[in-house]
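Working through the structure, step by step
The chain contents come next:
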Amino acid sequence: SVQLKALALEFMDVAYVQANEVAVAAVTNFERAAPQYTGLVPKTLGNVVLFCIFMLVVLKIALFVLRLVLGVTRSVVCCMCCCSCLRRGSSATAKNGKKASKVEEKGKAAKGKVEAKATAGKKK
């Protein structure tokens, strides 16, 4: 049991050293590509992991805000364009009178049929 723990610690230490070397290489390459950010991220595995998590959280919040702004903008534009066009279209047909009179005629015909059925049901 003690030997297994010692062996596991030894393997973890080797893996940590290799992962730390990869992190140092990544930070070095990043600093070489963008010299204005030199020293932003310390060259250790833990700091690189924290920096990556921090950047993912910031990116997620930025995308959420962007999506919210675009959704509100789309809703406002749609309301201004589509709803005003629909309102304008319905008032034009009411002023025209042709469609309004057809609707009124159908309503009167349906009302007459309902009244006729109601009076026929009472007579029986």
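The numbers attached to residues start from 1 for each chain and follow its sequence in the written order. Under the rules for a predicted model, residues below a pLDDT of 70 receive no local features and side-chain atom pairs below 80 are neither given nor counted, while totals for whole chains, interfaces and linings still include all residues. Derived side-chain values reflect all non-hydrogen atoms in the structure, with water molecules and hydrogen atoms excluded from consideration.

Moving on: the overall build of the protein chain. Each helix is a run of H or I in the DSSP string that is no shorter than four residues. Each strand is a run of E no shorter than two, and both are numbered from the N terminus. On a plain count of helices and strands, the protein chain comes out with 3 helices and 0 strands. Each residue gets one of three labels from its accessible area relative to the maximum for its type: buried under 20%, exposed over 50%, partly exposed in between, using a 1.4 Å probe on protein chains only. Here the protein chain holds 124 residues, and the buried ones make up 5% of them. Of the roughly 10,800 Å² of accessible surface on the protein chain, a fraction of 70% belongs to carbon and sulfur atoms. The protein chains shown are the only cover counted for residues, whose accessible areas, like all others here, come from Shrake-Rupley with a 1.4 Å probe.

Note on ring pairs: Phe, Tyr and Trp rings are taken, using the six-membered ring of Trp, and paired if centres are within 6.5 Å. Classes follow the plane angle, with under 30 degrees stacked, over 60 edge-to-face and the rest tilted. Summed over all chains, the structure comprises 1 aromatic pair. Relative to Tyr 37, the ring of Phe 30 lies with its centre 6.1 Å away and its plane at 20°, an arrangement referred to as stacked. Residue Tyr 37 is classed as partly exposed on the basis of its relative accessible area, which comes to 41%.

A low pLDDT means the predicted coordinates there should not be read in detail. Think of pLDDT as the predictor's per-residue confidence, scored from 0 to 100. Looking at the protein chain, the pLDDT average stands at 83 and 67% of residues meet or exceed 70. No element of the protein chain has a lower mean pLDDT than helix 3 (residues 98–123), at 62, and none a higher one than helix 1 (residues 2–33), at 95.

Take the number of residues in a helix, subtract one, and multiply by 1.5 Å to get its expected span. Compared with the 46 Å implied by 1.5 Å per residue over 32 residues, the 46 Å span of helix 1 between its first and last C-alpha is a close match. Every buried residue belonging to helix 1 is among Ala 23, Val 27 and Glu 31, and all of these are buried.

Turning next to a nonpolar patch on the surface. Each patch is built from salt-bridge-free residues with over 30% relative accessible area, joining like charges within 9 Å and nonpolar side chains (Val, Leu, Ile, Met, Phe, Trp, Tyr) within 5 Å. Here, a salt bridge means any Lys or Arg side-chain nitrogen found within 4 Å of an Asp or Glu carboxyl oxygen. There is a patch of nonpolar side chains on the surface, built from Val 49, Ile 53, Val 57, Ile 61, Phe 64, Val 65, Leu 68, Val 69, Val 72, Val 76 and Met 80 and spanning about 1,000 Å² of accessible area. Here Val 49 lies in helix 2 (residues 45–96).

By the element assignment, Glu 31 lies in helix 1. In this description, contact between two residues means that some pair of their heavy atoms is separated by no more than 4.5 Å. What Glu 31 contacts, discounting residues up to four positions off in sequence, is Tyr 37, Thr 38, Gly 39, Val 41 and Lys 43.

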